[in-house]
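Next come the chains, spelled out residue by residue.
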Amino acid sequence: MSIEDRAKATAKNLEGKAQEALGKVTGDPEDQAEGKAKQAESQVRHGVENVKENVKEKLD
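The rules behind these values
- Residues numbered from 1 in each chain as written.
- Predicted model: local features only at pLDDT ≥ 70, side-chain atom pairs only at ≥ 80, totals over all residues.
- Heavy atoms only, no water.
- Salt bridge = Lys/Arg side-chain N within 4 Å of Asp/Glu carboxyl O.
- Helix = DSSP H or I, 4+ residues; strand = E, 2+ residues; numbered from the N terminus.
- Buried < 20%, exposed > 50% of the residue type's maximum accessible area, 1.4 Å probe, protein only.
- Expected span 1.5 Å × (residues − 1).
- Contact = heavy atoms within 4.5 Å.
- Patch = residues over 30% accessible without salt bridge, like charges linked within 9 Å, V, L, I, M, F, W, Y side chains within 5 Å.
- Areas by Shrake-Rupley, 256 points an atom, 1.4 Å probe, with all protein chains shown as cover.
- UniProt positions renumbered as here; feature names shortened; annotations may be inferred.

We now examine the pattern of salt bridges. Taken as a whole and assessed by the stated rule, the structure comprises eight salt bridges. Its salt-bridge partner being Glu 4, residue Lys 8 comes within 3.3 Å of it at the nearest N-O pair. With Lys 8 and Glu 4 both in helix α1 (residues 3-26) and four residues apart, this pair spans about one turn of that helix. Taking the relative accessible area as the measure of exposure, Lys 8 reaches 45% and is therefore partly exposed. Measuring nitrogen to oxygen at the nearest pair gives 2.7 Å for the salt bridge that ties Glu 41 to Arg 45.

For helix α2 (residues 29-59), built from 31 residues, the straight-helix expectation of 45 Å at 1.5 Å per residue is met to within 8% by its first-to-last C-alpha distance of 45 Å. Tucked into the core, α2 has its buried residues touching α1.

The next point concerns a nonpolar patch on the surface. Nonpolar side chains collect at one region of the surface, where Val 51, Val 55 and Leu 59 lie side by side and expose about 300 Å² of accessible area between them. Looking at where Leu 59 falls in the secondary structure, it is placed in helix α2.

Bringing the environment of Asp 31 into the picture now. Mapped onto the elements of the fold, Asp 31 is located in helix α2. Looking at Asp 31, the relative accessible area reads 18%, which means it is buried. With 19 residues separating them in the primary sequence, Asp 31 and Asn 50 have C-alpha atoms 29 Å apart. Ignoring any residue separated from it by four or fewer positions in sequence, one finds Asp 31 in contact with Gln 19, Glu 20, Leu 22 and Gly 23.

In this section: the UniProt feature "domain: CsbD-like" (unreviewed entry) in the protein. Using the residue numbers shown here, the UniProt feature "domain: CsbD-like" (unreviewed entry) corresponds to residues 5-57. Helix makes up 96% of residues 5-57 and strand makes up 0%, while its end C-alpha atoms are separated by 18 Å.

Right, here's the structure in full:
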């Protein structure tokens, strides 16, 4: 499991939250949607890392 991959996923989540908030403030639904998409991508990345960690634990 890579700490670097987790950090990238967390950064993507924060970026998405900021973009979604900006979209709400400016009333731009496209920014809101892109922000939510980045947050979803982050969740998927965390899920992949969790699976990798579980598989590694089972093999060890």
